[in-house]
Amino acid sequence: MSAVQPLERSGNVPRLQVDYFGADALPAVLSQPDTLAVLGFGTDAAASTDPRYLHVPLQPHGAATLEVWRSQGPVTSGIDDGIRWSADGMLQFGAIEIDETHFDAHGNGIEAASAAAYARLHAFVRSHGYPHQLRIWNHLDAITAGDGDEERYRRFCLGRAAGLGHFDPTALPAASAIGRRDGVRTLQVYWLAARTPGTPIENPRQVSAYRYPRQYGPQSPSFARAMLPPSAQMPLLLSGTASVVGHESRHHDCVESQLAETFANFDSLITAARELRPALPAHFGPGSRLKVYVRDAEHLPRIAAALDALLGPAVPRLLLHAAICRRELQVEIDGVHS
């Protein structure tokens, strides 16, 4: 884990650095004027009322860990109408949580909850002067429950699109949609937005998610495979990536093969991003930070060992027990890369 030290200012351009710290570092990181956001994971996460702090309901494999976003600073923060936010004049962090049961007494309110969350998100970033969404994370319970078009992830996709209203699919942000496993029917959405737009990046090995065929639901998922931010002082923002080639899942019965295919997708995605920013490293290294979502708890040690063999100690990473948006997929990875 990194030590908490102040960042050097880098002129009047957006800057973002993501690091992992032990849970006991929370007071130190919140004391820094350039801390934009702090994420604590699982049941043993530290607690704080600071608007920059968000408890993420995904259980880590191993010791409690903080994910810390640091920006150009200085950062201001607050809570407006239930939305936690912080900003430094160039970047904005925000988070909203919606109780599904407020929309449907029978527990089927994920579509309405996601529509409400995204309508509020969209209005909030625009009214606060950060209209360009760079990266969004979505956490919802029982993500693959339901059959056919009644699957909860498909209903979430419908609600997300409704909340966004009219949008250009080629300008969508990077995103992840991950299943929480605590049984709580609360949709959690948090984001990184900016005053200036980034550049969405697509993966040549994959069909763009917003162009998926009808077999995946009445509304295609609304996200880009990655986002190249508006400043070279920010890392490449990687969407949730899994063992999908074209639009089809691969290696249904082998966790290690799914992991290898996922990294092949990252190689392709980074290559595409390097066409626009050649200074990006070609492969993951010390400037990368990865979150690894694993469906079945019994697979966590196997995947941890496989990542040790693939990446060694050079790439900081966090493993989380979480559900994936396709039932046949066992692992998904997102993160940042620079």
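See above for the structure.
Next up on the list: the pairing of strand S10 (residues 174–180). Among the seven residues in S10, seven count as buried, and that is most of the element. The alternating pattern of S10 places Ala-174, Ser-176, Ile-178 and Arg-180 on one face and Ala-175, Ala-177 and Gly-179 on the opposite face, and all of these are buried. Where strand S9 (residues 132–141) lies against S10, seven bridges are found, and the strand directions are parallel. Pairing of His-139 across the sheet is with Ile-178, part of S10. Between the parallel pair S9 and S10, the chain is carried across by helix H3 (residues 152–164), and the sense of this crossover is right-handed.

For the pair helix H2 (residues 110–127) and H3, interaxial distance at closest approach is 7 Å and the crossing angle is 30 degrees. Once H2 is placed against H3, the crossing between them reads as right-handed. Each of Ile-110, Glu-111, Ser-114, Ala-115, Tyr-118, Ala-119 and His-122 in H2 lies in contact with H3, whose residues at this interface are Arg-152, Arg-155, Phe-156, Leu-158, Gly-159, Arg-160, Ala-162, Gly-163 and Leu-164. Class assignment of the residues belonging to the contact of H2 with H3 gives a composition of eight nonpolar, four polar and four charged.

What follows covers the side chain of Ser-249. On the secondary structure map, Ser-249 appears in strand S16 (residues 248–249). Among the residues examined, Ser-249 registers a relative accessible area of 12% and is labelled buried. Within the local environment of Ser-249, its side chain forms a polar contact with the side chain of Arg-326, the two groups lying 2.9 Å apart. A distance of 2.6 Å separates the side chain of Ser-249 from the side chain of Glu-328, its partner in a polar contact. The residues contacting Ser-249, other than those within four sequence positions of it, are Ser-243, Val-244, Arg-326, Glu-328 and Leu-329.

Turning to the layout of surface pockets, a few remarks are in order. By rolling a water-sized probe across the atoms, one finds the places where empty space is left. Considering only enclosed or pocket space, the largest pocket measures out at about 420 Å³ in volume. Taken together, 26 residues line the largest pocket, and the ones lying closest to its centre are Tyr-153, Tyr-212, Cys-325, Arg-326 and Leu-329. Among the secondary structure elements, those contributing two or more residues to the lining of the largest pocket are H3, S10 and strand S14 (236–241). Classifying every residue of the lining of the largest pocket by side-chain character gives 13 nonpolar, five polar and eight charged. Lining the second largest pocket are 17 residues; nearest its centre among them are Pro-131, His-132, Gln-133, Ala-171 and Leu-172. Secondary-structure elements contributing two or more residues to the lining of the second largest pocket are H2 and S9. Of the residues forming the lining of the second largest pocket, the biggest block, three residues, is contributed by S9. The residue inventory of the lining of the second largest pocket, partitioned by class, reads ten nonpolar, five polar and two charged.

Taking 1.5 Å as the rise per residue, helix H5 (residues 300–311) with twelve residues should run 16 Å; its terminal C-alpha atoms sit 16 Å apart, in good agreement. Taken together, the buried positions of H5 are Leu-300, Ile-303, Ala-304, Ala-306, Leu-307 and Leu-311. Along the axis of H5, the buried positions cluster into a sector of 165 degrees, meaning they face one direction only. Contact partners of the buried residues in H5: helix H4 (255–274), strand S17 (289–294), strand S18 (317–321) and strand S19 (331–337).

Turning our attention to H2. A turn of α-helix holds 3.6 residues, and therefore any two residues three or four places apart point the same way. With 18 residues, H2 ought to run about 26 Å at 1.5 Å a step, and its terminal C-alpha atoms sit 25 Å apart, in line with that. Ile-110, Ala-113, Ser-114, Ala-116, Ala-117, Tyr-118, Leu-121, Phe-124 and Val-125 are the residues of H2 that are buried. Looking at the buried side of H2, the elements it contacts are strand S6 (76–80), strand S7 (83–87), strand S8 (91–99), S9, H3 and strand S11 (186–194). Downstream of H2 by a residue or two, Gly-129 has a phi angle that is positive, lying close to 85 degrees.

So, how was this worked out
- Residues numbered from 1 in each chain as written.
- Predicted model: local features only at pLDDT ≥ 70, side-chain atom pairs only at ≥ 80, totals over all residues.
- Heavy atoms only, no water.
- Buried < 20%, exposed > 50% of the residue type's maximum accessible area, 1.4 Å probe, protein only.
- Helix = DSSP H or I, 4+ residues; strand = E, 2+ residues; numbered from the N terminus.
- Pairing = 2+ DSSP bridges.
- Right-handed = clockwise from strand over helix to strand, strands pointing away.
- Axes fitted to C-alpha atoms, helices over the stretch in contact; angles between N-to-C directions.
- Left-handed = near helix turned anticlockwise from the far one by under 90°.
- Contact = heavy atoms within 4.5 Å.
- Nonpolar A, V, L, I, M, F, W, Y, C, P; charged D, E, K, R; others polar.
- Polar contact = N/O pair within 3.5 Å; in protein donor to acceptor, adjacent residues only side chain to side chain.
- 1 Å grid on protein atoms, 1.4 Å probe; cavity = no way out; pocket = protein on both sides within 12 Å on 5 of 7 lines; lining within 4 Å.
- Points joined across faces, edges and corners; volume = space filled by probe spheres on them.
- Expected span 1.5 Å × (residues − 1).
- Arc of directions from axis to C-beta.

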